[in-house]
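Residue-level structure breakdown
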Amino acid sequence: MYPVMALIVLMLFTWIVAMWASCGENDEPHDEEKREQSSDEQDHREAA
């Protein structure tokens, strides 16, 4: 009984960590896109 419970807890923990990691990955590209857009705006301002 205990090995089954331990396996379930381990699977849940792994699933939660995977979800948290995927959410973290989804947030980072948005930040990079904003940085790229702001740098593009700065380049256009400098060129003008």
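Our structure's up above, just so we're on the same page.
Let us now look at the overall build of the chain. Scanning the chain for helices and strands turns up one helix and zero strands. Evaluated residue by residue, the chain yields a buried proportion of 0% over its 48 residues. Counting only carbon and sulfur atoms, one obtains 64% of the accessible surface of the chain, whose full area is about 4,800 Å².

Let us look at a nonpolar patch on the surface. Nonpolar side chains collect at one region of the surface, where Leu10, Phe13, Val17 and Trp20 lie side by side and expose about 490 Å² of accessible area between them. Position of Trp20 relative to the elements: it lies in helix α1 (residues 2–47).

What counts, and at which threshold
- Residues numbered from 1 in each chain as written.
- Predicted model: local features only at pLDDT ≥ 70, side-chain atom pairs only at ≥ 80, totals over all residues.
- Heavy atoms only, no water.
- Helix = DSSP H or I, 4+ residues; strand = E, 2+ residues; numbered from the N terminus.
- Buried < 20%, exposed > 50% of the residue type's maximum accessible area, 1.4 Å probe, protein only.
- Areas by Shrake-Rupley, 256 points an atom, 1.4 Å probe, with all protein chains shown as cover.
- Patch = residues over 30% accessible without salt bridge, like charges linked within 9 Å, V, L, I, M, F, W, Y side chains within 5 Å.
- Salt bridge = Lys/Arg side-chain N within 4 Å of Asp/Glu carboxyl O.

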